[in-house]
Amino acid sequence: MKTNENKKNSLKHVLFGSLIGTTIEFFDFYIYANAAVLVFPQLFFPSSDSTMATLESLATFSIAFLSRPLGSAFFGHYGDKIGRKFTLVAALLTMGISTVTIGFLPSYESIGVAAPLLLMLCRFGQGVGLGGEWGGAVLLAIENAPPNKRAWYGMFPQLGAPIGLLLSGGTFLLLTDSMSNEDFMNYGWRIPFIASAFLVIVGFYIRTKITETPSFENAKKQEEEVKVPFLELVKSYKNQLIFGTFAAITTFLVFYLMTVFTLSWATSDLGIVKRDGLLIQLFSVLFFAFFIPVSAVVADKIGRRKMLIAATAAIAVFGFFFSYFLSSGNIVLVTIFACIGMSLMGFTYGPLGTFLSELFPTNVRYSGASLTFNMAGILGAAFAPMIAIWLAKTYDVSYVGFYLVTAAIISLVSFLVISKDEHKF
């Protein structure tokens with residue numbers, strides 16, 4: 001593999017190359033989430049009991065969360081051993097091919113039980129690819145960044161989240177508004193999955209133009225490579241792995257409470273029609289997108305840890321107001337609630353990738369950052385919507401807020417006790 005000693009990555013290639021993968025990630029994730037509720041129960045899990053069909057369909061949604069740590073370990077290993085560039089391309093293709101394939105899957109009516117099995121296999125492939133994608137995208141950005149602008153560079157892959165959400169939500173609204181329900185069920189739902197191939201091709205092209213990051217090349221020259229990065233993490237960086245995971249759970253929890261839970265509660269219990277609920281969500285995502293760069297600027301000035309502690313404390317306070325906003329049924333209050341929550345999400349999500357990456361040295365950074373992020377995803381997101389709905393139905397919506405407050409306290413403690421060792425880039 002050629003080094004980048006005489007060739008420096010251009011700024012546009014670095015930032016766009018890191019942004020495109022996470023944009024695809026969230027586009028795929030939310031198109032799948034919509035299809036898992038509206039399409040897959042009928043096409044892949046036919047049952048006389050519609051509730052059971054929906055639960056079976058939603059179970060496939062969680063497969064990606066459970067397989068992401070496997071992707072983190074696999075791609076992280078090779079990302080730390082042979083380089084960021086090759087691994088990023090491989091993770092993108094794994095994710096992209098799995099997603100596009102879903103758009104061509106035959107239904108249960110055509111091939112029987114093989115249909116849901118193939119769907120689950122594709123979802124597993126999505127999760128594995130996603131597990132390797134995020135960490136590599138963040139490292140591509142920050143390992144090419146000047147020391148005083150790491151949070152700014154590191155927020156570009158984070159911007160992929162709101163962009164992907166806007167693309168998926170907009171596509172879904174466009175299709176449902178312009179097609180009959182019959183046409184949408186027959187072929188319309190396939191369009192976003194197949195169309196994601198365009199984004200994958202663009203991402204593949206950009207990433208093949210990128211040379212290896214300077215940090216990885218320097219570590220390679222100084223022979224800092226470790227034989228098995230995962231074992232080195234467990235042996236020498238347990239503090240960072242454990243508390244980095246708990247520090248990030250609030251970010252995941254607030255995100256899925258503000259998207260999946262809020263949309264479900266607003267449309268099923270507050271009487272807001274689904275189209276209005278989707279529009280509220282898309283509007284709130286604009287606040288998410290706006291505050292990601294704002295948080296990065298602040299984080300570069302005062303430090304990533306201080307920025308995240310302040311954002312997490314604000315989220316804890318926000319948790320006490322769930323009942324006020326979500327018990328009213330007032331569409332204006334629900335919209336304000338969504339916008340505040342998504343603003344806080346921007347503040348905590350923007351610097352998170354940089355913070356987690358800075359916890360680890362170069363020779364285990366890909367593995368370490370990816371594993372902490374994706375393990376936090378399991379703890380903070382995989383079952384969050386179900387827990388939140390159960391709390392709201394069994395007790396009261398205020399208990400969903402207390403759930404968020406509890407997670408924020410755990411994250412705050414983790415930020416305070418996590419290792420403060422600085423690692424070179």
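Residues numbered from 1 in each chain as written. Predicted model: local features only at pLDDT ≥ 70, side-chain atom pairs only at ≥ 80, totals over all residues. Heavy atoms only, no water.

Going by an unreviewed UniProt entry, the protein carries the name MFS transporter and comes from Flavobacterium ginsenosidimutans. We quote the UniProt Subcellular location (unreviewed entry) comment for the protein here in full: "Cell inner membrane". (UniProt positions renumbered as here; feature names shortened; annotations may be inferred.)

Student: Can you help me understand the pattern of salt bridges in this one?
Tutor: Side chains carrying opposite charge are able to pair once their charged atoms draw close together. Throughout the structure, instances matching the rule amount to nine salt bridges. Two residues, Arg365 and Glu143, come together in a salt bridge whose shortest N-O distance is 2.8 Å. Of the two residues, Arg365 sits in helix α18 (residues 362-382) while Glu143 sits in the loop between α6 (114-142) and α7 (150-178), which places them 222 residues apart along the sequence. Each member of the pair, Arg365 as well as Glu143, is classed as buried. (Salt bridge = Lys/Arg side-chain N within 4 Å of Asp/Glu carboxyl O. Helix = DSSP H or I, 4+ residues; strand = E, 2+ residues; numbered from the N terminus. Buried < 20%, exposed > 50% of the residue type's maximum accessible area, 1.4 Å probe, protein only.)

Student: Which parts of the structure should I look at to understand the packing of helix α14 (residues 304-319) against helix α16 (residues 331-349)?
Tutor: A pair of packed helices is characterised by two quantities: the angle between their axes and the separation of those axes. Taken N-terminus to C-terminus, the directions of α14 and α16 make an angle of 160°; their axes are 8 Å apart at the nearest point. Here α14 is positioned roughly antiparallel relative to α16, judged by the angle of their axes. At the point where α14 passes α16, the crossing takes the left-handed sense. Between α14, through Met307, Leu308, Ala311, Ala314, Ile315 and Phe318, and α16, the contact on the second element is made entirely by Phe337, Ile340, Gly341, Leu344, Phe347 and Thr348. (Axes fitted to C-alpha atoms, helices over the stretch in contact; angles between N-to-C directions. Parallel < 35°, antiparallel > 145°, perpendicular 65-115°, else oblique. Left-handed = near helix turned anticlockwise from the far one by under 90°. Contact = heavy atoms within 4.5 Å.)

Student: Is there a simple way to explain the packing of aromatic side chains in this structure?
Tutor: Aromatic ring pairs: the centre-centre distance and the angle between the two ring planes describe each pair. The full count for this structure, using the stated rule, is 31 aromatic pairs. Ring geometry for Phe40 against Phe193: centres 6.4 Å apart, planes inclined by 35°, an arrangement best described as tilted. One end of the pair, Phe40, is in helix α2 (residues 40-43); the other, Phe193, is in helix α9 (residues 190-208), and 153 residues separate them in sequence. Each member of the pair, Phe40 together with Phe193, is buried. Their ring planes at 40° and their centres at 5.7 Å tell us that Phe325 and Phe337 sit as a pair that is tilted. On the criterion of sequence distance, the pair formed by Phe325 in helix α15 (residues 322-326) and Phe337 in helix α16 is long-range, its members being 12 residues apart. We note that Phe325, like Phe337, is buried. Taken together, the ring pairs connect Phe26, Phe65, Phe255, Tyr256, Phe288 and Tyr349 into an aromatic cluster. Positioned above the aromatic ring of Tyr32, the side-chain terminus of Arg123 is 4.2 Å from the ring centre. (Phe/Tyr/Trp six-rings, centres within 6.5 Å; stacked < 30°, edge-to-face > 60°. Lys NZ or Arg CZ within 6 Å of the ring centre and 35° of its normal.)

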